[in-house]
Structures are given as C-alpha cells and as structure tokens.
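Examination of the molecular architecture
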Amino acid sequence: MAQPQLSDAQLIARVVVHDDRNAFSDLVRRHQSAVRATLRRLTAGNHALADDLAQETFMLAYRNIKSFRQEAQFSTWLYRIATNAFLADARRRKEDLLGDRDLELTTEGDDEGAAPAEAAGSDHARGATLRIDIDRALAVLSDAERAAIVHCYHNDLSHEEAAIALNCPVGTVKTHILRAKAKLKSRLAGWESQ
Amino acid sequence: MTRAPEMNDSPRSQPADDWLDALLRADGRDHRADYLDDDGFTARVAAALPASPAALPAWRKPAVAALWAAGGIGVAFALPGAASDAAHEIIRAILAQRVSAGGIGTALVVLLASAWTAVAVVLRGD
C-alpha cells in the first residue's frame, strides 16, 4: 500500500525534532522546481546562477528551519530566502550580469515595443516568443521591480504574500508593480494588439 | 476599455481587459505549468548539508565511560591500601551503632513521612 504523502508541516516537524535529512530532501524535491524557476526569472535566464542560488536557498532554509513559524506557507518562506539570496548576489555583481544585459538590449537594435514574431503561428510558438520578449523586458527592471512582478504574476502570490517574500511593506510591493508595469508597457507595446 | 491600475488592486483582481496584465498572467500560467526536472539537484543539496552532531560514531559514549572506569581503577591501584582501609572504616562505623527497636521505628516513620510528602508534592504539581 502506498504511504500517504506527508504535508510540508509534518516534514518540517521531522526536520526540526529529529534532524531528519530524508524529510528535508522530500521538501527540496517538492519545492525545487518552483524555487529554481523563480530564480531563473529573477536572474534573467541565467540557469547556472539560478541553480547556485537555489542551492544556497535550501542550505539557508535548512540552517534556519527552526525559525520558520508557519505564519506563511513554506513556499512563500522559501521565495523570501531565494529573493534575499538573489538581491545579495545582484549587489555583489551589480556591474556585470544585468549591466551587460542592459547593454546587449540597447545595442541589439533598440527593440522598444517589441512586436511578436511573425512566425509565431501556433500557441506554443507564441508562448515561446512571449517568454523571450518578457524575459528581455524584465531585464530592464530594477531587481526589486522584477522580483515583485515575478512573485505576483509568475508565482501568483497576493500582494500580502509578495510583501513577505520581498521582506517589505505591501505598499512598496504595489509601487514596484506599478513602476514595473509602466516600464513593461513600453517594452511590450507590440503585444497590445495580439 | 482599459482601467488604470489602482494602488489597492491585488494582482488577482486586476481587470482582464488590461492587455499587459493579461499578457503577464498568460506568461505566469505557462511559467507555473513548466515543471523543472530534479536532475540531481536534491542530491546535491543533501550532500552539501552540514554534518549532524547525531552522526558521531555510536561507540563514542561507551568508549568515554570505559576510559573513566579504567582511570578510576588505576587510581585505586595507585593508592594501595587506601580503598580497603576506607571500606573497613565505613563498615566499622556502621557496626558500632547501637540498634534498638525504637530507633528502627523512628527511622521507618521518618522514611514514610518523607515518601508521603514527596508523593503529595508530585500529585499537586500534576
């Protein structure tokens, strides 16, 4: 008979009380996709860096799991750690990754208001093209604005949950979203008629 | 008609006719639907976890106890006669006591009173 799947709270209790490494591995397996995908968005598609930051995120989660008070979902708490890891790393390397990408974007033909590719006939192709355009548009946002968009739209968090993940007041999240959308509107204007 | 976003809007309650909102939502749905294969990620994290204090060898405690016992025996042998002298003195002191029925009775009363007090304290604590 198959064993019933344990909830996040039950697995966390096992880790806290018995230092159960297998329970923590189950938590990692369960949440790795969401955390890595979020970091891939935050790092503008840098998969290697995203995976390094994801590993750092889970290491920090393991070390600090006793401080997790279950006031938010475990995934939201992980997003918070991941966002902090990303922002700290971005501060460390502020002059290379995003700076280079900004330069690349402006020199690759200023595609402000990028139009969807003509060849994007199928839904799949349209989705892929949209993703590329959104990734490029996200790259021009500030780190905090990009994190707000990723949490609210890609991770489908409410403003309150995003505020926990971003470790800032709800009003600040709303401001980031408004500013980000104002910038994205001009970058993605070509999609308005689609 | 496109409504201007308001500060108190939640991303889940934005109007569907906001084209940018709809675009971001569509991309978000695709993003959530894409599951990233583990590809050894969990194993890498598990391997990088710090060593647990519980992972110390099981023989550590008995070995320490054995060392202490060996040390004690060594001290006893290093002081010849001291241990047996002390034991003899203790036995002599006990045997020198006068034992009477009254003394035994008093000791029993004191012991029973102590036990009853201890039980009463424990039960009150519960």
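Residues numbered from 1 in each chain as written. Chains lettered and ligands numbered in written order. Predicted model: local features only at pLDDT ≥ 70, side-chain atom pairs only at ≥ 80, totals over all residues.

**Here's the deal with the overall build of chain A**
The helix and strand inventory of chain A stands at 9 helices and 0 strands. Going from the N terminus to the C terminus, chain A shows its helices and strands as α-α-α-α-α-α-α-α-α. In chain A, buried positions account for 38% of the 194 residues. (Helix = DSSP H or I, 4+ residues; strand = E, 2+ residues; numbered from the N terminus. Buried ≥ 20, exposed ≤ 12 C-beta atoms within 10 Å, placed from the backbone.)

**Thoughts on helix 9 (residues 170-187) of chain A**
Residue and element names in this part refer to chain A. Given a rise of 1.5 Å per residue, 18 residues ought to cover 26 Å, and the 26 Å separating the end C-alpha atoms of helix 9 matches this to within 8%. What helix 9 keeps buried is the set Val-173, Lys-174, His-176, Ile-177, Ala-180, Lys-181, Leu-184 and Arg-187. Looking straight down helix 9, one finds that the buried residues subtend no more than 155 degrees of arc, so they occupy a single side. Helix 9 presents Gly-171, Ala-182 and Ser-186 as exposed residues on the side facing more than 90 degrees away from its buried surface. (Expected span 1.5 Å × (residues − 1). Arc of directions from axis to C-beta.)

**Quick notes on the interface of chain B and chain A**
By a widespread convention, an interface's size corresponds to the accessible area lost as its parts come together. In this assembly, 29 residues from chain B lie in contact with 34 residues from chain A. Looking at the side of chain B that touches chain A, the elements with two or more residues in it are helix 1 (19-33) and helix 2 (41-48) of chain B. The element best represented in the side of chain B that touches chain A is helix 1 of chain B, accounting for 11 residues. Of the residues in the side of chain B that touches chain A, the class split is 16 nonpolar, 5 polar and 8 charged. (Contact = placed C-beta atoms within 7 Å. Nonpolar A, V, L, I, M, F, W, Y, C, P; charged D, E, K, R; others polar.)

**Overview of helix 8 (residues 159-166) of chain A**
Residues and elements named next belong to chain A. Across the 8 residues that make up helix 8, a large majority, 7, are buried. Turning to helix 8, its buried residues number three or more, namely His-159, Glu-161, Ala-162, Ala-163, Ile-164, Ala-165 and Leu-166. Each element contacted by the buried residues of helix 8 is listed here: helix 4 (74-92), helix 7 (143-154) and helix 9. Two residues or fewer after helix 8 comes Asn-167, characterised by a positive phi angle close to 55 degrees.

**Some remarks on the nonpolar core**
Leu39(A), Ala82(A), Ala148(A), Ile149(A) and Ala162(A) are the most contacted members of the largest nonpolar core, which totals 52 residues. When residues no more than four places from it in sequence are discounted, the contact partners of Ile149(A) are Leu138(A), Leu141(A), Ile177(A), Ala180(A) and Leu24(B). (Core = buried A, V, L, I, M, F, W, Y, C linked by C-beta atoms within 7 Å.)

**What about the environment of Arg29(A)?**
Residue position: Arg29(A) is located in helix 2 (residues 21-42). Ignoring anything within four residues of it in the chain, the contact list for Arg29(A) reads Asp38(B) and Thr42(B).

**Digging into the confidence of the model for chain B**
Residue and element names in this part refer to chain B. Within chain B, residue pLDDT values average 79, and 81% of them lie at 70 or more. Element-level pLDDT for chain B is lowest in helix 4 (residues 82-95), with a mean of 83, against a maximum mean of 94 in helix 2. Here residues 1-10 is a poorly scored stretch, pLDDT under 50, and it has 12 contacts once near neighbours within four places are set aside; other chains count. Interface scoring of the predicted complex returns ipTM 0.75; its pTM is 0.64. (pLDDT = per-residue confidence, 0-100.)

**So, the packing of helix 2 of chain A against helix 3 (residues 47-63) of chain A**
All names here are of chain A. Closest axis-to-axis distance for the helix 2/helix 3 pair is 9 Å, and the angle between their directions is 140 degrees. The angle between helix 2 and helix 3 places the two elements in the oblique class. Between helix 2 and helix 3 lies a crossing whose hand is right-handed. Mapping the contact onto sequence places Phe-24, Val-28, Gln-32, Val-35, Arg-36, Leu-39 and Arg-40 in helix 2 and His-47, Ala-50, Asp-51, Leu-53, Ala-54, Thr-57, Phe-58 and Tyr-62 in helix 3. (Axes fitted to C-alpha atoms, helices over the stretch in contact; angles between N-to-C directions. Parallel < 35°, antiparallel > 145°, perpendicular 65-115°, else oblique. Left-handed = near helix turned anticlockwise from the far one by under 90°.)

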